[in-house]
Amino acid sequence: MPGSARRQAQSVISLQYSLPTLACFKHHGAALCAASARNMSSIVLEGLSRQFGTARPAVDNVNLTIQAGSFTVLLGPSGCGKSTTLRMIAGLEMPTAGRILMNGRDVTALSPRERHIAMVFQSYALFPHLSVRENILFGLKVRKEPREHYAERLARTARVLGLEDLLDRKPSQLSGGQQQRVALGRAVISEASVCLMDEPLSNLDAQLRQEMRREIRALQQSLGITMVYVTHDQTEAMSMADRVVIMNGGRIEQHDSPDALYASPATEFAARFIGTPAMNLIKLEPGHRRIAGCNSAPLGPTPEGASRLGIRPEHIELKKGDNSLDALVESIEYFGADSIVVCRLGSNSGVAVRTKGHFQALPGSAVQLSWRAEHERFFDAKGAALSAPRTSLLSGRARPCDPQ
Ligand code: ATP
């Protein structure tokens, strides 16, 4: 990993809140500790909006309930309003409309300090001239918390995060992962019941990101913290979250568990945002219940108004069967365990198929595609999901498709 990335500073604005779970974690173990966390906080956003000047609202009438002790990820492309939402929860940005409730209490007008939350942001640097110890204790000193508790809280925090041997070092003498742990330490020592993180891993290399993802998730679960985490990385969201909130243009596109998001995206936007490669969205001939450009494709029941068929790459099989469709290979990407075979199906270019091992074929080769009805999803012309049809598009009269 490049030195610059290792030196990437992370930081915390942390605000004290009494949460006795750190001691619990030490003495009783993670599961019991999480279960017994007494001050877990729920967060409710009611009609929350933020408009800057006359521009379109950055956050537009967001309604969201975040369960106490859950890990919620705000996910979406750049500019969709994730950070603005997080900053409003933190109290760093005032909403132009709506309310924020924490544990049922309206905190909309409260300062960040009065909200009792911890924050970890990508853009906040550790103080380079302060040791790890001083960096972690910084928030407690600023808040003038009783000095007699410093040693005990520091010891607990350092133990939980494996920083005991690094307390005298300066940030420049730490790896990127260690610096990240110091940033987390500043949040953990505050004993806040809510922790907000904005892209905290974006400057770490891929392997370290993976390790830190696991550490953050384990820490959140063991301490029973209510975590709200902003990222544009769907892998981060899917691997860490209890609930994922997909945002688009300041609005919530879908709020669901990772499983539900993956299996049943509510919109084409959500379908495209989750999965690598994303769900295939195959154009249908308007009103004809067949794949666009597939002259002789088998007809079958589809929901009224279906404009596209959504199907995940791993749900398409490259095999000939009664209901298979003819397609042409456009390209193949080999990833070791599997290959992504990109095909042309009728007039649909770029239909991705995941298949085990190293699939070998020349571009232009003919292949047959088939899938099971249960994996089909349908979307209308506006991109909203339609309820599933009774039978598969492929389960009607089986005839080959002539790619055009
Ligand atoms: P990114 O992933 O790039 O950080 P984001 O989803 O977090 O994006 P926000 O930072 O919340 O997006 O920004 C949402 C919109 O609000 C963007 O169009 C941005 O330009 C605008 N915006 C954010 N802060 C301000 C500000 N202080 N003044 C004016 N516009 C702002």
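Bear in mind that the values here come from a model prediction, so they are computed numbers and not experimental data.

**Some details on the overall build of the protein**
A tally of regular secondary structure across the protein gives twelve helices and 19 strands. A total of 404 residues make up the protein; the buried ones form 46% of that total. Partitioning the intrachain contacts of the protein with sequence separation of at least 6 by distance along the chain shows that 71% fall at a separation of at least 24.

**Some remarks on the sheet that holds strand S6 (residues 105-106)**
Taken in spatial order, the four strands make up an open sheet running S3-S2-S5-S6, and their pairing is antiparallel. The strands lining the two open edges of the sheet, one partner per strand, are strand S3 (59-66) and S6. In this sheet, S3 lies alongside strand S2 (residues 43-50) in antiparallel orientation, the contact comprising five bridges. Directly across from Val 44, in S3, lies its bridge partner Thr 65. Contacts between helix H4 (residues 82-90) and the sheet are confined to S2, S3 and strand S5 (97-102), with S2 contributing the most and set at about 120° to the helix.

**Observations concerning the site of the ligand**
All residues in the neighbourhood of the ligand are listed as Phe 52, Ala 58, Gly 76, Ser 78, Gly 79, Cys 80, Gly 81, Lys 82, Ser 83, Thr 84 and His 232. Looking at the shell around the ligand, its residues break down into three nonpolar, seven polar and one charged.

**A closer look at the confidence of the model for the protein**
In the predicted model, the protein carries a mean pLDDT of 83, and 83% of its residues have values of at least 70. Scored below 50 in pLDDT, residues 395-400 makes 16 contacts in the model with residues more than four places away or belonging to other chains.

**Thoughts on the packing of helix H7 (residues 150-161) against helix H8 (residues 176-188)**
It is the contact of H7 with H8, at a shortest axis distance of 10 Å, that shows an interaxial angle of 135°. As far as their axial angle goes, H8 and H7 are oblique. For H7 against H8, the interelement crossing comes out right-handed. Residues Thr 157, Val 160 and Leu 161 of H7 pack against Arg 181, Leu 184, Gly 185 and Val 188 of H8. Its residues placed into classes, the contact of H7 with H8 shows four nonpolar, two polar and one charged.

**Observations regarding the sheet that holds strand S12 (residues 280-283)**
Strand order in the open sheet formed by four strands is S12-S13-S18-S19, with antiparallel pairing between adjacent strands. Each edge of the sheet is formed by a strand with only one pairing partner; in this case those strands are S12 and strand S19 (385-386). As defined by bridge partners, strand S18 (residues 377-379) adjoins S19 across two bridges and the pair is classed as antiparallel. When the sheet's bridge partners are listed, Phe 378 is paired in S19 with Leu 386.

**A closer look at unusual backbone geometry**
The omega torsion across Thr 276 and Pro 277 is -10°, close enough to zero to call that bond cis. The topology assignment puts Pro 277 in the loop between helix H12 (268-273) and S12. Residue Asn 103 is not a glycine yet carries a positive backbone phi of 50°. Turning to its location among the elements, Asn 103 is positioned in the loop between S5 and S6. Overall, Asn 103 belongs to the partly exposed group, with 16 C-beta atoms counted inside 10 Å.

**Focus: the nonpolar core**
Ranked by internal contacts, the top residues of the largest apolar core, which has 96 residues, are Val 73, Cys 195, Leu 196, Val 228, Val 245, Cys 343 and Leu 345. Here this core spans two domains, since at least three of its residues come from each of domain 1 (3-263) and domain 2 (276-386). Apart from the residues within four sequence positions on either side, Cys 343 is in contact with Ala 327, Leu 328, Val 329, Glu 330, Val 351, Val 353, Val 367 and Leu 369.

**Section: the pairing of strand S11 (residues 251-256)**
The pairing of strand S10 (residues 243-248) with S11 spans five bridges and is classified as antiparallel. Looking across to S11, one finds that Val 245 is bridged to His 255. Hairpin connection of S10 to S11: two residues between the antiparallel strands, including Gly 249 at a positive phi of 55°.

Reading the values: rules and limits
- All residue numbers refer to positions counted from 1 along the written sequence of the respective chain.
- The predicted nature of this model means local features are confined to residues of pLDDT at least 70 and side-chain atom pairs, given and counted, to a pLDDT of 80 or more, with totals for whole chains, interfaces and linings taken over all residues.
- Counting from the N terminus, the helices are the DSSP runs of H or I reaching at least four residues and the strands are the DSSP runs of E reaching at least two.
- Using C-beta atoms placed from the backbone, we call a residue buried if 20 or more other C-beta atoms fall within 10 Å of its own, exposed if 12 or fewer do, and partly exposed for counts in between.
- Working definition of a contact: two residues with C-beta atoms, positioned from the backbone, lying within 7 Å.
- Here, a strand pair is defined by DSSP locating no fewer than two bridges between the strands.
- Angles here are taken between N-to-C directions and fall from 0 to 180 degrees, while the axes themselves are lines fitted to C-alpha atoms, restricted in helices to the stretch in contact.
- By definition, a residue lies near a molecule or strand provided its backbone-derived C-beta atom is within 6 Å of it.
- For this classification, the nonpolar set comprises Ala, Val, Leu, Ile, Met, Phe, Trp, Tyr, Cys and Pro, the charged set comprises Asp, Glu, Lys and Arg, and every other residue, Gly included, is treated as polar.
- Each residue carries a pLDDT score, the predictor's confidence in it, ranging from 0 to 100.
- Note that the term roughly parallel is reserved for angles under 35 degrees, roughly antiparallel for angles over 145, roughly perpendicular for angles of 65 to 115, and oblique for everything else.
- Note on convention: near helix rotated counterclockwise from far helix by under a right angle means a left-handed crossing. Clockwise means right-handed.
- In plain words, the nonpolar core is the set of buried Ala, Val, Leu, Ile, Met, Phe, Trp, Tyr and Cys residues that C-beta atoms within 7 Å link up.
- All the domain ranges listed were derived from an automatic or database domain assignment.

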